[in-house]
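Okay, here's what each chain looks like letter by letter:
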Amino acid sequence: MRHLIDIIDLSVEEINELITTAEDIIANPTKYAEVCHGKKLATLFFEPSTRTRLSFEAAMLDLGGRTLGFSDASTSSAAKGETVGDTVQVVSGYADIIAMRHPKEGAPYAATQVSSIPVINAGDGGHNHPTQTLTDLLTIHREFGHLDNLTIGFCGDLKFGRTVHSLVTALCRYENIKFIFISPPELKIPDYLKENVLDAQGKDYVEVESMEDAMPQLDILYMTRVQKERFFNEADYLRLRDTYILDPEKLSTAKPEMRVLHPLPRVNEITVDVDKDPRACYFRQAANGKFVRMALIMKLLEVHA
Ligand code: NCD
């Protein structure tokens, strides 16, 4: 039985296969409409979500399966003090696969220790978010036609932004990726990511503070929200939240074929008038999330079209 807790649980070949399957699902949706007939996905969301939970549910429905779950820990027995391990053991008896989001780093991994069905990490605290990474990789592949030879700027909250951590880890395994990390000093990428992932693999990266200086070099600008819920005090959040605001003027020095990605939700780090620029692809990115999750559910349930 396979789980997906960290993006490195998948080999590069497996990631590429998931992207190929997702692109085939987009081209031939009816071929996949019943492959999960009789199967159930449980969504255990101990933390807020719109895209991740609904795209998982839409993915299972579009595969002909069904879904159950909760979207708020306060309506589950967690509110009575039940442990994640006990909840997961129980849900293992009701469903065929679990997608779990939890504010504590490592909670989905702990779930794998007691689960008798596959567990997918749908975001654990400020740590990892591997299915957002699959969404991002599918998006880059659909927009550029390749996943190598790219300069990518990650901008905003690189400390707490779990989507950044997982995507950087994944892109390190593709050829000739240059990373530009754009953040205030307080929100730099964590040391463990630098030491264990980037430096360990001899990757080419720089850390800068100016979005404007980096802009002309970029093939991809990956914007992120400052992660309010991970801050210890509100004053720091308020001081840092508006450090970067992408607007049409700042975009004027970008390459015409650059793409702006954002895992969403956006707060105010991208002004709405950027949305009509063809380089803005965050809503296409959100749509891609359903297709790659369909491919992932099929893989973990070992079903085929
Ligand atoms: C992200 C997350 O939950 O980490 N959202 C998502 O899943 N698309 C990004 C965020 O919350 O800022």
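Cut-offs used in this document
- Residues numbered from 1 in each chain as written.
- Predicted model: local features only at pLDDT ≥ 70, side-chain atom pairs only at ≥ 80, totals over all residues.
- Heavy atoms only, no water.
- UniProt positions renumbered as here; feature names shortened; annotations may be inferred.
- Core = buried A, V, L, I, M, F, W, Y, C linked by side-chain atoms within 4.5 Å.
- Buried < 20%, exposed > 50% of the residue type's maximum accessible area, 1.4 Å probe, protein only.
- Contact = heavy atoms within 4.5 Å.
- Near = heavy atom within 4 Å.
- Polar contact = N/O pair within 3.5 Å; in protein donor to acceptor, adjacent residues only side chain to side chain.
- Areas by Shrake-Rupley, 256 points an atom, 1.4 Å probe, with all protein chains shown as cover.
- 1 Å grid on protein atoms, 1.4 Å probe; cavity = no way out; pocket = protein on both sides within 12 Å on 5 of 7 lines; lining within 4 Å.
- Sits in = over half its atoms within 2 Å of the grid points.
- Helix = DSSP H or I, 4+ residues; strand = E, 2+ residues; numbered from the N terminus.
- Nonpolar A, V, L, I, M, F, W, Y, C, P; charged D, E, K, R; others polar.

As named in an unreviewed UniProt entry, the chain is Aspartate carbamoyltransferase, taken from Candidatus Avoscillospira avistercoris. Among the UniProt annotations of the chain, the heading Function (unreviewed entry) holds the following wording: "Catalyzes the condensation of carbamoyl phosphate and aspartate to form carbamoyl aspartate and inorganic phosphate, the committed step in the de novo pyrimidine nucleotide biosynthesis pathway." Listed under Catalytic activity (unreviewed entry) in UniProt, the entry text for the chain is "carbamoyl phosphate + L-aspartate = N-carbamoyl-L-aspartate + phosphate + H(+)".

Undergrad: How should the nonpolar core be read in this particular structure?
TA: Counting 59 residues, the largest nonpolar core has Leu 134, Ile 152, Phe 154, Val 168 and Phe 179 as the members making the most contacts within it. Residues within four places of Phe 179 in sequence aside, it is in contact with Ile 152, Phe 154, Val 168, Leu 171, Cys 172, Leu 198, Lys 203, Asp 204, Tyr 205 and Val 206. Formed by 20 residues, the second largest nonpolar core is a distinct cluster that contains Cys 155, Leu 221, Ala 280 and Tyr 282.

Undergrad: What am I meant to see in the site of the ligand here?
TA: Neighbouring residues of the ligand: Arg 51, Thr 52, Arg 101, His 129, Gln 132, Arg 162, Thr 163, Arg 225, Gln 227, Pro 263, Leu 264 and Pro 265. Here an oxygen atom of the ligand and a side-chain polar atom of Arg 225 are 2.8 Å apart. Contacts to the ligand include Leu 264, whose backbone N or O atom sits 2.9 Å from a nitrogen atom. Against a free-state accessible area of 320 Å², the protein chains account for coverage of 94% of the ligand. Counting atoms within 2 Å of the grid points, the majority share of the ligand lands in the largest pocket. For the shell around the ligand, the elements supplying multiple residues, two or more each, are α2 (51-62) and α6 (162-171). When its residues are assigned to classes, the shell around the ligand shows 3 nonpolar, 5 polar and 4 charged.

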